[in-house]
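# Coordinate inspection notes
Spelled out, the chains give:
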Amino acid sequence: MARETSDFNGTPNANRLHISFFGRRNAGKSSVVNAVTGQDLSIVSEVKGTTTDPVKKAMELLPLGPVVIIDTPGIDDDGQVGDKRVAKSYQVLSKTDVAVLVIDNFVGPAAEDLELINLFKKKNIPYIVALNKVDLDMESLMTGEDGDGEEQYEFPTVLVSALTGQGITELKEKIAEIAKPLSTDKRLIGDKIADRDVVVLVTPIDASAPKGRMILPQVQTIRDILDNHAISVVTQVAELASCLNALKEPPALIITDSQAFHQVKGIVPDSIPLTSFSILFARFKGILDTAVHGARYLNQLEDGDIVLISEGCTHHRQCEDIGTVKLPGWIEEYSGKKLLFEFTSGGQFPQELSKYALVVHCGGCMLNEREMVYRQGLAEEQGVPFTNYGTLIAHINGILDRSLEIFYE
Ligand code: SF4
């Protein structure tokens, strides 16, 4: 059974396995999605191309646990609008941990299906092909090479019928099987602290903080500290000195919001390890080394260079927004160069990056690891340095090396 989870109480989407369903129009893709999830996630219709935008939903899916299911538009859609829909389906690949390609077993694979399978292989995306509508195809089933008709293709298949439910349990088990090696016990900070260590978190509550709650990176860090039976102490910058004085012993670590780095470094003695939430997340998302290299590139910028500042979601921009106002100011001041800045947010990360001298990405707390590694990989392929907000700010404040010590000791 699948169960929908709430945005605020469930596992963050970025930490969920992203399972995407692809297929040609009328392969029965949305029906298979609904059969797998046990609910009407997608509109099912006899009319070709009913799914016009990727449909995304977070849920608990047994035996997998917390997942995000994505139903994509048909990969054979045509015309100008159809081309855009196909492009949207292909964009979903960048965040896909496991792909399910649905093919009408009665029709067999078409060129678009084979092209997609090649892309799965090229991008190292584990995949399974669901041969749907086997209820229509009993005759070929009976004459299959080993009686189950699965030997005729060179790709992994499972026979299903979204209509009767045949093979759906097996499909879920296959998805779980290929997803298993992807599960990780990676920790945000839990592997760097010990039982009963005191960790102080510095979290400014300013105009850009959401009303009445903490932001996701802070909540996830607190949870990781608690999971490790360490002690989490949360304070604002103004109370940090009092907080340190109130502790019997210096804390094992201080983790600060990147924007408060310059104030915090003036309060925290050099003997106490100090890092930031953004650096934690860069490591968690597998891009820390690249981000460090990219931050150091700031010293090589030239007048007229274009810097891309990219955010992973489209949250409401406050005045003095860090990405569009503060960062450009800090970068120009530090580099002493007259630069041009371009901005993107949400899913609009450009494919073509070669005109940029540097890409500065947010912490990406709303993006899964595969998407962050994909964005970093695009920049790398095109020879463009790539960093993130916190790593860059640590470099600008002259404490990058100190912020990294805890990870490289
Ligand atoms: S802009 Fe980036 S770091 Fe900020 S909330 Fe969105 S994904 Fe997370």
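Note that the coordinates shown come from a computational prediction; the quantities given were computed from them, not determined experimentally.

We now examine unusual backbone geometry. A positive phi is found at N124, a non-glycine position, where the angle reads about 55°. When you line up the elements, N124 lands in the loop between α3 (111-122) and β6 (127-132). A residue is classified by how much of its surface remains accessible, and N124, at 62% relative accessible area, is exposed. Although it is not a glycine, H229 sits at a positive phi angle of roughly 60°. Structurally, H229 can be placed in the loop between α6 (216-227) and β9 (231-235).

Membership of the largest hydrophobic core comes to 67 residues, with the highest contact counts inside it found for I189, L353 and V360. In terms of residues, this core owes the most to one element, helix α9 (residues 277-284), which gives 6 residues. Excluding residues within four positions of it along the chain, I189 makes contact with T221, D224, I225, L253, I255, L280, R283, I406 and F407. Counting residues in hydrophobic clusters, the runner-up holds 24 residues, among them V32, V102, I168 and I175.

A few words on the confidence of the model for the protein. Summing up the model confidence of the protein, the mean pLDDT is 86 and the portion of residues at 70 or higher is 88%. Per-element confidence in the protein is highest for strand β8 (residues 198-202), whose mean pLDDT is 98, and lowest for strand β1 (residues 2-4), whose mean pLDDT is 42. In this model residues 1-8 is a low-confidence stretch, pLDDT under 50, and it forms 21 contacts with partners more than four residues away in sequence or in other chains. Confidence drops under pLDDT 50 across residues 141-151; counting only partners more than four residues distant or on other chains, this segment forms 14 contacts.

Let us look at the sheet that holds strand β11 (residues 274-276). Taken in spatial order, the 4 strands line up as β9-β8-β10-β11 in an open sheet, and their pairing is parallel. The open sheet is flanked by β9 and β11, the only strands paired with a single partner. Between one strand axis and the next, the sheet turns through 25° on average, direction left out of account. Pairing between β8 and strand β10 (residues 253-256): 4 bridges, direction parallel. By the bridge assignment for β10, V200 is matched with I254.

Reading the values: rules and limits
The numbers attached to residues start from 1 for each chain and follow its sequence in the written order. Local features are withheld for residues below a pLDDT of 70 in this predicted model, meaning they are given only at 70 or higher, and side-chain atom pairs are given and counted only at 80 or more; totals for whole chains, interfaces and linings count all residues. Side-chain metrics rest on all non-hydrogen atoms present in the structure, leaving aside hydrogens and water. Secondary structure counts use DSSP, requiring at least four H or I residues in a row for a helix and at least two E residues in a row for a strand, with both numbered from the N terminus. Burial status follows relative accessibility: with a 1.4 Å probe on protein chains alone, a residue under 20% of its type maximum counts as buried, one over 50% as exposed, and anything between as partly exposed. Here, the term nonpolar core denotes a set of buried Ala, Val, Leu, Ile, Met, Phe, Trp, Tyr and Cys residues that are joined through side-chain atoms within 4.5 Å. Whether two residues touch is decided by their heavy atoms; if any such pair falls within 4.5 Å, the residues are in contact. Confidence of the predictor at the level of single residues is captured by pLDDT, which takes values from 0 to 100. At least two DSSP bridges between two strands are required for those strands to pair. Axes here mean lines fitted to C-alpha atoms, for a helix over just the part in contact, with angles spanning 0 to 180 degrees between N-to-C directions.

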